[in-house]
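Coordinate inspection notes
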Amino acid sequence: MSHDGVGLRAVTRSVAFLTAGVLAVPALAGCSEQDEAGKPAAAQDIASAKRDRIADGGTLHWAVDNVPETLNTFQADADAATSRVAGAVLPSLYRLDANGHPRRNPDYLESAKIVEREPRQVVLYKLNQQAVWSDGREIGAADFAAQWRALSGKDTAYWTARNAGYDRIEKIERGKNDLEVRVTFKKPYADWQSLFSPLYPKDVMGTPDTFNDSARRRLKVTAGPFAVDTVDRKSGDITLKRNPRWWGRPAKLSELVLRAVPREKRAAALAGGRLDLAEIDATEAHRITSAARETKGGQGAPLTHGPGAALTPGRALRSWAIAHGSDEEAADKETTARKKRAKAVAKYTGQQSALRGYVVRKSLEPAFTQLALNGSEGPLADERVRRAVARALDRKELAKAVLEPLGLPAEPVGSHLALAGQQAYADNSGALGDQDTGEAQALLSDAGWVVGGSVKEKKPKKGAGAEASKAAKDKKAKDSKDAKDTDEADGTGDDGTYIVGGTDDKPADDESPTVLAPRKRDGGSAAEKHLAQDGKQQLKPGGAPGAYAPRGTRAPGPAAVGPLARNGKPLSLRFVLPSGPGSQSLRAVGERIARMLDRVGIRTEISKVADDSYFKDHIASGQYDLALYSWPASAFPATDARPIYAKPVPAADGSLNVEQNFTRVGTDQVDQLFDQAIGELDADESRSLVRKADARIWAAAASIPLYQRPQLTASRNGLANAGAFGFQTPLYEDMGFLKKS
């Protein structure tokens, strides 16, 4: 989990809260036996091509965020790059298809099925007789048994990040021959297909020392279409070469290089020819599509974007006049600025020319962005207030604002536990209800929050005024110091905290709400430059002067509900958002949400914090009221999603263990439904239980799914079977460059 969509199983655990049964859970209409999964909201976009059209050989340079700290996917610091390496070099018994459904991988498995249900569940695996490790040894029961022992949780000497499913195994043994593996479970396990993918050799899993250390920096023994050749941390390259012992379809590429390039530097790396494939954000996608249009429009036309785009004829004339004026100091300064600008324009123009060799592949990522409500304390501990927040949101508007400018389907996500196209998907949002301002206001009123309620100002204790004031200042400084440098770099000069719906301390004739708006018209704020993903409307050149007023300007039109208060305290929620340059989209969505809440009388104090502390110091520690972050979808929600929504329980030290439930809201009913689903071997009944759990999660109103994340990938022209994969597991052996005609 992360605001960037880090894997489900890569997060630690801690604290909690039980939903009060203030409002009855409505009928679970979305949980019928009928398959409601449908098709994925967007198809994958990978330039599919048959293998006979792809040239043999070549090197693909594929961007990753960083060189992974470990090549062992079962360790706590494993990341997306770890998984990418494992997918190319290790066995995966099951892979996901384009609909997110697990499919048997025939390169390793001839068959796998439940052969006994009573008295114990037994799964029989029949392995491909050609499947061997790169050292020539057959893949067999010894590898399965070693992985089970390492991940079962019984031996704490293994530094494992998870043991879900492996802890339900009773024994593993050889079948009738070396190609059969019998796995006996002590408790029924519906998600048995999630196990042993990836499968590591017994050389890695056999002892705590080899598990903890040997696979962190290298993998000597592999069994995939590629093998690890070198891991160069200095250059940032992980080089994978064809596996000479691979028995499946030979890899088309001779080399696959995973190259660590930060996202903000990928446009330059693409233009410099250092990358062939890279996930990008909306700004880079716009540059690439613009480069293609500029090619069609003819060479020599001035760019409408980039460092020189804001230089209007009037400004250019003024700049020339100053540079050639009588004020020598001003002329020298302007001449230097003109040379610097010309150099930047030339560099940008050159990059645009190079970017014409790429195309943007787009789909929807198998992950969704949600609004999290911390129910551990404060106003959001009341389920009615959480439900009011949810009913104030126009999720369709948010999805449309983020996805429509990218040409992607803009439907809000209807489930916490699956996405459209996956087998467990059903739209259960009806358990909470759609946007309804009147209903939101009624819920707040029922909870005691009323308009115009008197607000008592807290007075410092006598004799402690200076200390209290200093403490308040210190707290504010701590909350905003991490975001300060980023704000200054973005040119906003923001202190990291501001209030939506607050006053500007100036007299006013009405009580209409304040609006958030950029302070600059020239070029816009950093958030405005990422309009395609951040939910703002496109700004058109030549807009009416003054259309974007300074923050604090009162909005015309119908007035929103005035500030709400209860027992002398105003209703105000701390909305924590990341401040980094790659988080503009979340900040823009957050600002839209804040305005929606303001319309029903809920004030929000937006606090921008550094990206590297956003999760650790705020989400995981519970230092927030509202937050935005993403969860990836799983083909096995009964296993993978349970820690995210489990009811927190007391730990041995007296604290609360929230696992991955960072909203701190859970119920016994949801836990019971997960437990039933994970132990139900009838697939249809198990999915029905998952859907019922999802409806109750909606009703608790602690996590509000908003939209499926856009997936944008820059791909070199002529690259096939690679791009925006959507749900599907990449087929590394089929990637390559088209033959020249």
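Our structure's up above, just so we're on the same page.
1. Observations regarding the overall build of the protein chain
Helix and strand counts for the protein chain come out as 19 helices and 24 strands. Counting all 741 residues of the protein chain, 51% fall into the buried class. Considering only residue pairs separated by 6 or more positions, the protein chain has 75% of its internal contacts joining residues 24 or more positions apart. Within the structure as shown, the protein chain displays about 33900 Å² of accessible surface, and the carbon and sulfur contribution to it stands at 50%.

2. Considerations on the side chain of His-416
By the element assignment, His-416 lies in the loop between helix H10 (395-403) and helix H11 (437-446). A polar contact is formed between the side chain of His-416 and the side chain of Asp-694, at a distance of 2.8 Å. Separated by 2.6 Å, the side chain of His-416 and the backbone oxygen of Ser-703 make a polar contact.

3. Examining the pattern of salt bridges
Following the criterion strictly, the structure yields 33 salt bridges and no others. The partner of Arg-592 in a salt bridge is Glu-397, and the shortest N-O contact between them spans 3.0 Å. Taken as a pair, Arg-592 in helix H14 (residues 584-598) and Glu-397 in helix H10 lie far apart in primary sequence, 195 residues in all. Taking relative accessible area as the criterion, Arg-592 reaches 14% and is therefore assigned buried.

4. A look at the nonpolar core
In this structure, Tyr-125, Phe-196, Leu-371, Ile-593, Leu-628, Tyr-645 and Leu-706 are the most contacted members of the largest nonpolar core, which totals 166 residues. Dropping the residues within four chain positions of it, Tyr-125 is found in contact with Leu-93, Leu-109, Ser-111, Ala-112, Phe-144, Leu-179, Glu-180, Val-181, Val-183, Trp-192 and Phe-196.

5. Things to note about the pairing of strand S17 (residues 572-578)
Most of S17 is tucked away, with 6 of its 7 residues classed as buried. Sheet topology note: the S17/strand S19 (residues 626-632) ladder contains 2 bridges and is parallel. Residue pairing for S19: Val-576 is matched across the bridge by Ala-627.

6. Observations concerning the sheet that holds strand S6 (residues 169-174)
Spatial ordering of the open sheet is given by S4-S5-S7-S6, a layout of 4 strands whose pairing is antiparallel. Of all strands in the sheet, those bounded by a partner on one side alone are strand S4 (109-116) and S6. For this sheet, the mean inter-axis angle between neighbouring strands, taken without regard to orientation, is 15°. As paired elements, S4 and strand S5 (residues 122-127) share 6 bridges and run antiparallel to each other. Its bridge partner being in S5, Lys-113 is matched across the sheet by Leu-124.

7. Here's the deal with empty space enclosed by the protein
Rolled over the atoms, a probe with the dimensions of a water molecule shows which regions are left empty. Under the definition given, this model contains 4 cavities of 30 Å³ or more. Here the largest cavity is characterised by a volume of approximately 140 Å³. Along the walls of the largest cavity sit 18 residues, with Tyr-645, Thr-663, Val-665, Ile-697 and Ala-702 positioned nearest its centre. Only S19, helix H17 (642-645) and helix H19 (683-700) provide two or more residues apiece to the lining of the largest cavity. Taken together, the residues of the lining of the largest cavity break down into 10 nonpolar, 7 polar and 1 charged.

8. As for the packing of aromatic side chains
Here the structure, examined in full by the defined rule, presents 18 aromatic pairs. Ring centres of Phe-74 and Tyr-200 lie 6.0 Å apart, and the angle between their planes is 65°; on these two criteria the pair is classed as edge-to-face. Note that Phe-74 is positioned in the loop between strand S1 (59-64) and helix H1 (80-89) and Tyr-200 in the loop between strand S7 (180-185) and helix H3 (202-205), a separation of 126 residues in sequence. Of the two residues examined, Phe-74 and Tyr-200, each falls in the buried class. With centroids separated by 6.1 Å and ring planes inclined at 90°, the aromatic side chains of Tyr-125 and Phe-196 adopt a geometry described as edge-to-face. Placement of the pair is Tyr-125 in strand S5 and Phe-196 in the loop between S7 and H3, with a sequence separation of 71 residues.

Criteria and cut-off values
- Residues numbered from 1 in each chain as written.
- Predicted model: local features only at pLDDT ≥ 70, side-chain atom pairs only at ≥ 80, totals over all residues.
- Heavy atoms only, no water.
- Helix = DSSP H or I, 4+ residues; strand = E, 2+ residues; numbered from the N terminus.
- Buried < 20%, exposed > 50% of the residue type's maximum accessible area, 1.4 Å probe, protein only.
- Contact = heavy atoms within 4.5 Å.
- Areas by Shrake-Rupley, 256 points an atom, 1.4 Å probe, with all protein chains shown as cover.
- Polar contact = N/O pair within 3.5 Å; in protein donor to acceptor, adjacent residues only side chain to side chain.
- Salt bridge = Lys/Arg side-chain N within 4 Å of Asp/Glu carboxyl O.
- Core = buried A, V, L, I, M, F, W, Y, C linked by side-chain atoms within 4.5 Å.
- Pairing = 2+ DSSP bridges.
- Axes fitted to C-alpha atoms, helices over the stretch in contact; angles between N-to-C directions.
- 1 Å grid on protein atoms, 1.4 Å probe; cavity = no way out; pocket = protein on both sides within 12 Å on 5 of 7 lines; lining within 4 Å.
- Points joined across faces, edges and corners; volume = space filled by probe spheres on them.
- Nonpolar A, V, L, I, M, F, W, Y, C, P; charged D, E, K, R; others polar.
- Phe/Tyr/Trp six-rings, centres within 6.5 Å; stacked < 30°, edge-to-face > 60°.

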